[in-house]
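Given next are the chains, with one letter for each unit.
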Amino acid sequence: MRLNDALLGCILLLVAAVVAAIAWGFPAVPGQDYGASTFPLLIATGLAGCGAVLIGSGLRERAPIVEWQAWLGEPRRVIDFLSVITAIIVWILAWRPLGFILTTAGVLFALLRRFGVSWKTSLAIAIATPLIMNYIFGRLLLVPLPAGLLAPIRWW
Amino acid sequence: MLGTHIHRRALLAAGIALGAVTTLAGAATAQGYPDRPITLIVPWGAGGGTDSTARIVGSLLEQELGQPINVVNRTGGSGVVGHSAIAEADPDGYTIGLATVEIGMMHWQGLTELTSADYTPLALMNFDPASVNVREDADWADLPALIEAIKANPGTLTASGTGQGGIWHLAIAGFLSKLGLEPGAVRWVPSEGAAPGLQDLMAGGVDLVPCSIPEARALIDAGRVRSLAVMSSKPNEAFPDVPTTQDVAGVSWDIGAWRGIVAPKGVPDEVAARLIPALEKVYNSSEYADFMSKQGFGRQWASGEAFGTFMAESNESLGAVMKEVGLAK
Amino acid sequence: MDAIALAAGLVFRVDVLVTLLLASAFGLFVGAIPGLTATMAMALLVPLTFFMDPIPAVGAMVTASAMAIFAGDIPSTLLRIPGTPASAAYTEEAYRMTLKGEAETAMAANLLFSAFGGLVGTAVLILTAPYLAEIALKFSAPEYFWMATLGLTCAAFIGSGRPVKGILSLLIGLLVATVGLDNPAAVPRFTFGSTELLGGVDFIAAMIGLFAISEVLRNATQGMASQTLPQVRLGNPLRGWGPMFRKYWPQQVQGNVVGVAVGALPGAGADLAAWIAYAVSRRLSKHPEKYGTGNLEGIVAAGSANNSALGSAWVPALVFGIPGDTITAIVIGVLFLHGLNPGPTLFIFQPENIYAVFIIFILANILMVPLGYAAIMMSRPILKMPRRVLMPLILAFCVVGAFASNNAVFNVGVMLAFGVLGFFMEENGIPLAPCILGIVLGGMVEDNFITTMIRNDGNLLAFFERPIAAGLGVATLLIWSSPLILGLLRRRRAAA
């Protein structure tokens, strides 16, 4: 999805306005001219400047307002794209309740199948990967991966 | 309770299906605690004194409990993020944390609702009083001379060593107010910690750094920094020559950074009963004493209720200073 | 000379050498995994070093950190996922080489110049530590402000495409850096009431999102069925080193000079050194147009810089106990623990220990060649793996990496948000690298600006009052205005 520069510029102006409005409300450091709002306001000014330049060039360019790439017309690709995002969201939501191993096994299996890997290979990868990762990260590198539902089971 | 047991059994079957199961640990109650690794949350980053204290306590506690202790850093937001993570963890004894003095400061600033009352206090492990450090070639021979200089020109001298409203900021501001001076008579220059503050002191950016002595130690040993006084009722063991503020300025002012082990509120009594004696053994071990004295850190012990009272008192006195200085909301 | 013999005796012992080997393998592994940084490798080693003798303890940290910084280049080259932040400056460049089928050349160059840069950093540490430390100690807020501003200027040289989009990307990064409580005024900004956001946006999670997740998303839009990238086999990558060394020596020298200088400044470190070296080499290159298309020059400069910075970061640490970066901050703690208190006295009273550390530095960088070579060989199968298998696995590693960077699920969300943002930015021709630079340097620019202002009661002249600050400031302003001046000169010449 490629936006016309003019549209991108308008979005930037809007973002700059929001940033500036929020930054305006930051309390000042007593007795100082420069404080918490100084930098956000400078950044907002910069964003607005970029926005203005982009609006200028976008209007000259005469490109379509939004240019839809080819993949957006192919349902398969769109589903692939959305499945990656969904996978990460599932990871986030199931992370603590289900635990690392179960979540990762499930998500990997679904993704591999979605991308057209065979049943057997998918199953093998989906089972082996989380167990290996749990051992390396959880046990050796002490990353506190949640055990979730598998908490009562002792892993060696 | 019954429900969870059935639930867990069902999942055990699932676990066997996964083909990686060996044995089932004891029931989910506190009996047989601990039967799996414990997570120790540290609200500050790797490389600081808090982190290394947590890691030595963790490795010694591991020997006591026979289960791995995973030290986990949850940094950011001047400690708010990590302290919240400790309080919000499941109170099952498998997540504990290292609380620091900041727990008694951040709620006064309106950053969080969290106070020391939101934890089960286990054990106070360390206390380091603030001290007043200046460059070796500074004009002031001792603390009274420095105080005179501040009185003569209030608002010209600068100090650094932590963020705006951090513990060392409160130390100097509270000290000035005890002397009857404006808390702002020394301008506070925020920094990310004692090390950058000391670096700035050396670079001539600020005039004094009111951090703890262990933090300034390398520079004191190198003859680049002088410590004029400790803000404590008794001198530091590692630096007995540095006088107290009571001795040289006639002001009794106790303030410093402490670190202690806490659990989320509501952990089973059995858990606390297991952890506190284990921590006491750690505290009294020669390894811990050795580690702390080599780093120059002070040891101070309090457990359970007594630690809770200590945190509550610390909370009140910090709150009083913060209101005085105008940092409290 | 006795001290050196004593030191050699301390190092060349079976137990010490075995420790160094194990630490190397550990460092390579941790560095190669996104989300697990060299700093984290150090933190994990701390409890182990409590129970070791001082020399193997410090040696383990030296070798592990050197290996980790190099190993970060491997996933960065193969998968466009920087293993450590120090690789982020040239991730795009190295990945472009993989797309061209030159992954082995890129990794061989990384290895050669990392090891060589490490040796240069070590030489500087050995020969000039006390003097360099004195200069580094003169750096205060105004000097750091100019340093960081100079760093931001690099954004103009790292992105390809239209300047306005590079600046936009930088501004996005700067805006992200303002989130949270960790600013000089200690005011929560853009946190929308979230406790997690009080801590700010985790840089590592954001970096993984911008680079890796956006790449996975792009792969999804192109169809996972597309096969592997054909690669040019080098056979033995070591064979190409002679010509490579002769061809790229100017970039290597630039990288090392920048690395040593930036690394010695407390708080700057290897990450920043890599960015500046990349930008400097582009500015001085005869073919700046090739940058960003998979060009070795930038990789050589930045790869040399981050490893040489590692050595010189020890200068202020050993001489004054002031950490140059988070890695040395951890090392200082370990030094104290073993009675090797940092300070000038360490050089006078315990020279054999200091020399032993130096010998380990040299050993570590020599060891890096065979071990790094083995790591490159072991990583090669990644390129043969079909994308549809590789992409889900990459996702799993990214999720764990983002989580591990601050042990928070929230960071996985941050990673996702930045992945989508990165995808959208690239679709619209906005380069990613300046955004990362903005996140890295935003805090440093702001902190030092506000700090200087507080200290001098808002007097802007304070930025030019101290000699080093004035020098850096004038240099920065000259660099900024140089295109303008050159343009004017050219116009005048054309008119005449």
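The numbers attached to residues start from 1 for each chain and follow its sequence in the written order. The order in which chains are written sets their letters, starting at A; the order in which ligands are written sets their numbers, starting at 1. Selection of residues for local features in this predicted model requires a pLDDT of at least 70, selection of side-chain atom pairs for listing and counting requires 80 or more, and totals for whole chains, interfaces and linings are taken over all residues. Where side-chain values are given, they derive from all heavy atoms of the structure, hydrogens and water being excluded.

The name recorded for chain B in an unreviewed UniProt entry is Tripartite-type tricarboxylate transporter receptor subunit TctC, from Amaricoccus macauensis. According to UniProt, the comment filed for chain B under the heading Sequence similarities (unreviewed entry) is "Belongs to the UPF0065 (bug) family." UniProt positions are given in the numbering used here, feature names are shortened, and annotations may be inferred rather than shown by experiment.

Chain A carries the name Putative tricarboxylic transport membrane protein in an unreviewed UniProt entry, which gives Amaricoccus macauensis as its organism.

Draft legend 1. Here's a closer look at the overall build of chain B. Each helix is a run of H or I in the DSSP string that is no shorter than four residues. Each strand is a run of E no shorter than two, and both are numbered from the N terminus. Tallying secondary structure elements over chain B gives eleven helices and twelve strands in all. Across its three principal axes, chain B shows a C-alpha extent of roughly 75 × 40 × 35 Å. Across the 329 residues in chain B, those meeting the buried criterion constitute 60%. Residues are treated as being in contact if the distance between any of their heavy atoms lies within 4.5 Å. Sequence-distant contacts, at least 24 apart, represent 77% of the contacts inside chain B between residues at least 6 apart. As displayed, chain B has an accessible area near 12,400 Å², and 50% of this comes from carbon and sulfur atoms. Think of it this way: Lys and Arg go in the positive column, Asp and Glu in the negative one, and His and the chain ends go nowhere. We put the charge of a Lys on NZ, of an Arg on CZ, of an Asp on CG and of a Glu on CD. Placing the 21 positive and 35 negative side-chain charges of chain B at their respective mean positions leaves the two points 4 Å apart. The rule is simple: take the accessible area with a 1.4 Å probe, protein chains only, and divide by the maximum for that residue type; under 20% is buried, over 50% is exposed, in between is partly exposed. Values of accessible area rely on a 1.4 Å probe in the Shrake-Rupley scheme; residue burial ignores everything except the protein chains shown.

Draft legend 2. Fine view of the sheet that holds strand 5 (residues 119–129) of chain B. All names here are of chain B. Only when DSSP finds a minimum of two bridges between them are two strands counted as paired. Strand order across the open sheet formed by six strands is 3-2-4-11-5-12, with mixed pairing between neighbours. With partners counted over all chains shown, the strands left at the sheet margins are strand 3 (69–73) and strand 12 (299–303), one partner each. With direction set aside, neighbouring strand axes in the sheet form an average angle of 20°. Across the sheet, helix 2 (residues 49–65) touches strand 2 (38–42), strand 3, strand 4 (95–100), strand 5 and strand 11 (256–264), and the angle it forms with strand 3 is around 165°. Working convention: axes come from line fits to C-alpha atoms, limited for helices to the stretch in contact. Angles between N-to-C directions cover 0 to 180 degrees.

Draft legend 3. Examining the pattern of salt bridges more closely. Should a side-chain nitrogen of Lys or Arg be within 4 Å of a carboxyl oxygen of Asp or Glu, the pair is scored as a salt bridge. Using the criterion set out here, one finds 25 salt bridges over all chains in the structure. Where R455 of chain C meets D200 of chain B, a salt bridge forms, and the shortest distance between an N and an O atom there is 2.4 Å. Of this pair, R455 of chain C sits in helix 24 (residues 433–455) while D200 of chain B sits in helix 6 (residues 194–202), each in a different chain. As far as the burial class goes, R455 of chain C and D200 of chain B line up, both buried.

Draft legend 4. Looking closely at the pairing of strand 3 of chain B. Counting buried positions over the five residues of strand 3 of chain B gives five, a clear majority of the element. Residues I69, V71 and N73 of chain B line one face of strand 3 of chain B and the alternating positions N70 and V72 of chain B line the opposite face, and both faces are buried.

Draft legend 5. Highlighting the UniProt feature "transmembrane region" (unreviewed entry) in chain A. Residues and elements named next belong to chain A. Following the UniProt record, the feature "transmembrane region" (unreviewed entry) maps to residues 35–57, 78–94, 100–116 and 123–142 here. For residues 35–57, the end-to-end C-alpha separation is 35 Å, with 87% helix and 0% strand making up the annotated structure. Its end C-alpha atoms 27 Å apart, residues 123–142 is made of 90% helix and 0% strand.

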